[in-house]
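The residues making up each chain are set out below.
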Amino acid sequence: MRNIISHLWVHLHLDGAAEWKRILQQTRPALASIQALVLALVVTAASRVVGQKATGETVIQKATEQFESSPMKTTSLGSGVFMLSGDGGNITAIADPGSTLLIDSGMDSRVTELSGALFKATMRPVTRLVNTHWHFDHTGGNMYFGGEGVTIIAQENVKKRLSSVQDIPFTGIKDGHYPPQALPRETYSSSMKLRQGSQQLTLVNYGPAHTDGDTIIYIAPANVAVVGDIFSNHFYPIIDLASGGSIDGMIHSLDQILAQIDGQTKIVPGHGLVATRADLQDYRDMLVQVRQRIKVLITAGKTIDQVVAAAPTKEFDAKWGSGYVPPDVFTKMVFSSLVNSGSASLPSEYSLSSGKVLGERNAR
């Protein structure tokens, strides 16, 4: 696995701690002091991983704990379309009489489990795989499926991101580069059409949003929209600033999606339960309000720390703040997005050199 935390969760699970205890108890009494020390360390680490989230954990630590431990669940959306959840980002499978088209591939550590769940749901081999964006919880199975000859398809920037090392600000997420078999073989720029049995898939990129390589997939006539991490239900999103993501781009893409769907559309979010148009509208409106509040604070000359202290998301935290992106991190992402893009009216004392915000007002 590329992700070190995945290894830690497996090796420091409480069952693992019990096994360590059994082994250590069989060693010589002279090692008793070492036994006590090692056991204490293992139990402490394991308790942190499988118990309550510890203060100061990064986004990647919280996310990986959730992705590694959530049960795999398959939900039928009708017309041969299925959503598989629990394995990192949500995965969509579309079956025709001879094959399965997959949208996203989950975590590398759970790809065997995913493969079994897919076959149980569709009874058809996977022949094509579409990535909604490059993040590890949506592309982790690429190497497995690509190695089996599955054709991987994505927006052209996904291939660029997967081909190099990536580091997402404020999250602790570092990933890449991926081997050749995990990379998309077919790419597009703004739109692409595919057919899977009776279903037509329209792949669209509305410009940088969550990342610079987002794909929204409209499936018709099933009336399903797969939107990737542009929308998580109900969690604050990651805005991948290093990959061209922005709060303005997120809202723009959401407006475009809302214009294309109706009240009966089933929306597969990047994470969380199947959603409705009303859910997506509520999420979009929350983003707009948070953006406006942070713009006002920036215009007033507040630093990033001062904006976080002002708690501009407080009204929405009960509904949207329980995921792996806490309110303060989301606030920092929105702040940085607005400052770096210049879409907020900035006081002259801000520095945008090298695309970075100093975060402190210059001394007078």
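Just so you know, these numbers come straight off a predicted model, no measurement behind them. (Residues numbered from 1 in each chain as written. Predicted model: local features only at pLDDT ≥ 70, side-chain atom pairs only at ≥ 80, totals over all residues. Heavy atoms only, no water.)

**So, helix 10 (residues 277-299)**
Look at helix 10: 33 Å from first C-alpha to last across 23 residues, which is about the 33 Å you get at 1.5 Å a residue. Residues of helix 10 that are buried include every one of Leu280, Tyr283, Met286, Leu287, Val290, Arg291, Ile294, Leu297 and Ile298, and no others. Taken from the residues just after helix 10, Gly301 is the one with a positive phi, measuring 90 degrees. (Helix = DSSP H or I, 4+ residues; strand = E, 2+ residues; numbered from the N terminus. Expected span 1.5 Å × (residues − 1). Buried < 20%, exposed > 50% of the residue type's maximum accessible area, 1.4 Å probe, protein only.)

**Some remarks on unusual backbone geometry**
A cis geometry characterises the amide bond from Gly176 onward to His177, with omega recorded as -10 degrees. The omega angle of the peptide bond from Ala220 to Pro221 is 10 degrees, so this bond is cis rather than trans. Its location among the elements puts Pro221 in the loop between strand 12 (216-220) and strand 13 (224-233). With phi around 60 degrees, Ser79 is a residue other than glycine that occupies positive phi space. If you trace the backbone, Ser79 turns up in the loop between strand 1 (73-78) and strand 2 (81-85). The backbone of Met123 shows a phi angle near 55 degrees, a positive value even though the residue is not glycine. As for its position among the elements, Met123 is in the loop between helix 5 (111-122) and strand 5 (126-130). A residue is classified by how much of its surface remains accessible, and Met123, at 48% relative accessible area, is partly exposed.

**Quick word on empty space enclosed by the protein**
One pass over the structure, following the stated rule, counts two cavities of 30 Å³ or more. Of the voids in this model, the largest cavity is the one considered here, and its volume is about 70 Å³. Along the walls of the largest cavity sit Val59, Ala63, Phe67, His135, Phe136, Asp137, Ile173, Asp229, Ile238 and Tyr324, which together make up its complete lining. For the lining of the largest cavity, the secondary structure elements donating two or more residues are helix 4 (59-69) and helix 6 (136-139). Broken down by element, the lining of the largest cavity gets its largest block of residues, three residues, from helix 4. Here the residues of the lining of the largest cavity are counted per class, giving seven nonpolar, one polar and two charged. When its volume is computed, the second largest cavity comes out at roughly 30 Å³. Around the second largest cavity, the lining residues are His210, Asp229, Ser232, Pro237, Ile238 and Tyr324. Within the lining of the second largest cavity, the residues separate by chemical class into three nonpolar, two polar and one charged. (1 Å grid on protein atoms, 1.4 Å probe; cavity = no way out; pocket = protein on both sides within 12 Å on 5 of 7 lines; lining within 4 Å. Points joined across faces, edges and corners; volume = space filled by probe spheres on them. Nonpolar A, V, L, I, M, F, W, Y, C, P; charged D, E, K, R; others polar.)

**A short note on the side chain of Arg291**
Following the sequence through the fold, Arg291 ends up in helix 10. Reaching out from Arg291, the side chain makes a polar contact with the side chain of Asp248 at a distance of 2.8 Å. Discounting residues that sit within four places of it in the chain, Arg291 has contacts with Ile247, Asp248, Ile251, Val334 and Leu338. (Polar contact = N/O pair within 3.5 Å; in protein donor to acceptor, adjacent residues only side chain to side chain. Contact = heavy atoms within 4.5 Å.)

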